[in-house]
Structures are given as structure tokens and as C-alpha cells.
Amino acid sequence: MTQPHTTLNIATVKPAITKIDVFDKPAASTPTREFDNPWLYDPDVPTSTVTQVFLVKDRTDGWVKVLLPVRPNGSKGWVKVSDVTVSPNPYHIEVSLGQHTITVSRGTQQIYQGKVAAGAPDT
């Protein structure tokens with residue numbers, strides 16, 4: 001059974017920001033993390049840069065709570081709204097474990113479908 005998906009927002013770091021500061025809470029005085037913008041996808045290819053983008057979890061006056069690309073999964077932090085552009089995420093990923101497929105859509109348009117494999121169960 002296919003479940004409806006919710007459109008989530010993304011926070012794209014503005015091009016003028018070369019290092020995005022991440023804070024543990026809004027209005028904190030000192031950042032606890034910092035991420036390069038853009039970040040280098042492949043260290044062996046200096047031109048493989050990608051703009052830093054975060055999934056938005058919450059917003060408050062002047063701040064955006066985002067998921068961070070670090071372990072443990074689900075790590076969160078706050079960035080200044082002035083450092084990012086918040087917009088709807090047009091992408092949706094659906095994985096069918098029974099059929100071993102992944103489908104990627106942008107809006108209502110399917111842009112990729114392929115095979116996937118399930119990993120080994122935890123022991």
C-alpha cells in the first residue's frame with residue numbers, strides 16, 4: 001500500500017556563505033559545528049562541489065532547525081535563516097522492499113527507477 005507523502009522544506013545555504021555555522025539552540029552565542037559550502041563530493045576531483053542543503057525540521061524567529069549530515073542519524077542543529085533559502089523540497093523517494101525497487105520523483109514526474117537490495121538483518 002502506498003502511503004501519501006508530505007512535502008518537506010529544504011534549507012539551501014546561500015552562495016555567499018562559505019562556512020555555515022550550526023548552533024545547538026536558537027540565539028546561542030557560539031556555533032557547535034561548521035560545514036563547508038559548497039562541500040567537496042570527491043576529494044580527487046576538485047570541481048565536484050555541491051551546495052550544502054539541509055532538510056528543515058522546524059522554524060522560529062530568525063532560525064531554522066535542520067537535520068545534519070552526520071552520525072548519529074537524526075542529528076539536528078539550528079542555522080540562521082539569513083544564511084539559507086528555505087523552499088519546498090520537490091523530490092520524493094519511495095523504496096519498495098518487496099519488489100526491491102527505488103523510485104525517485106520530482107513533483108509528479110518520475111525521474112528514476114531502479115533495483116535495490118535489502119541489507120543483512122542485525123544480529
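Our subject is the structure that appears above.
Residues numbered from 1 in each chain as written. Predicted model: local features only at pLDDT ≥ 70, side-chain atom pairs only at ≥ 80, totals over all residues. Heavy atoms only, no water.

Honestly, the layout of surface pockets in this entry has me stumped. Any pointers?
One way to see where empty space is left: roll a probe the size of a water molecule over the atoms. Empty space within the largest pocket amounts to approximately 160 Å³. Counting residues per element, the ones that place at least two in the lining of the largest pocket are β6 (53-60) and β10 (91-96). Across the lining of the largest pocket, the residue classes tally to 7 nonpolar, 2 polar and no charged. (1 Å grid on protein atoms, 1.4 Å probe; cavity = no way out; pocket = protein on both sides within 12 Å on 5 of 7 lines; lining within 4 Å. Points joined across faces, edges and corners; volume = space filled by probe spheres on them. Helix = DSSP H or I, 4+ residues; strand = E, 2+ residues; numbered from the N terminus. Nonpolar A, V, L, I, M, F, W, Y, C, P; charged D, E, K, R; others polar.)

Got a minute to help me understand the pattern of salt bridges in this structure?
Should their charged atoms come close, side chains of opposite charge can pair. A full pass over the atoms with the stated rule returns 1 salt bridge. For the salt bridge of K19 with D36, the shortest nitrogen-to-oxygen distance reads 2.4 Å. Here the residue K19 occupies a position in strand β2 (residues 19-22), and D36 occupies one in strand β3 (residues 33-36), the gap between them amounting to 17 residues. According to the relative accessible area criterion, D36 is partly exposed, its value standing at 39%. (Salt bridge = Lys/Arg side-chain N within 4 Å of Asp/Glu carboxyl O. Buried < 20%, exposed > 50% of the residue type's maximum accessible area, 1.4 Å probe, protein only.)

Sorry, what's going on with the pairing of strand β12 (residues 109-115) here?
A regular strand carries its side chains on alternate faces of the sheet. In the sheet, strand β11 (residues 101-106) pairs with β12 via 6 bridges, with the strands oriented antiparallel. By the bridge assignment, T103 is partnered in β12 with Q113. Taken together, β11 and the strand that follows it, β12, pair antiparallel across an intervening segment of 2 residues, in which G107 is found at a positive phi of about 65°. (Pairing = 2+ DSSP bridges.)

It is not clear to me how unusual backbone geometry should be interpreted in this structure. Could you clarify?
Leaving glycine aside, a negative phi is the common case for residues, and trans is the common case for peptide bonds. Residue P38 is reached from N37 by a cis peptide bond, and omega for that bond is -5°. Among the secondary structure elements, P38 is positioned in the loop between β3 and β4 (39-40). Unusually for a residue other than glycine, A27 sits at a positive phi of about 65°. Mapped onto the elements, A27 comes out in the loop between β2 and β3. A positive phi angle, close to 55°, is found at H100, a residue other than glycine. Here H100 is to be found in the loop between β10 and β11. The class of H100 is partly exposed, set by a relative accessible area of 37%.

Is there a simple way to explain the sheet that holds strand β7 (residues 63-67) in this structure?
Strands in a sheet are paired, the pairing made by backbone hydrogen bonds, and the direction either parallel or antiparallel. Judged by pairing direction, the sheet is antiparallel, and its 5 strands sit side by side in the order β8-β7-β6-β1-β9 without closing on themselves. With partners counted over all chains shown, the strands left at the sheet margins are β8 (76-80) and β9 (84-88), one partner each. Strand-to-strand twist of the sheet, defined as the mean angle between neighbouring strand axes without regard to direction, takes the value 45°. Judged from the 4 bridges that link them, β6 and β7 form a sheet pairing that is antiparallel. By the bridge assignment for β7, V56 is matched with V66. (Axes fitted to C-alpha atoms, helices over the stretch in contact; angles between N-to-C directions.)

I tried to follow the packing of aromatic side chains on my own but got confused; where do I start?
Each aromatic ring pair is specified by the distance between its two centres and by the angle formed by the two planes. By the definition in use, this model includes 3 aromatic pairs. Ring centres 6.1 Å apart and planes at 55° place the aromatic pair W39 and Y41 in the tilted group. The class of W39 is partly exposed, set by a relative accessible area of 32%. (Phe/Tyr/Trp six-rings, centres within 6.5 Å; stacked < 30°, edge-to-face > 60°.)

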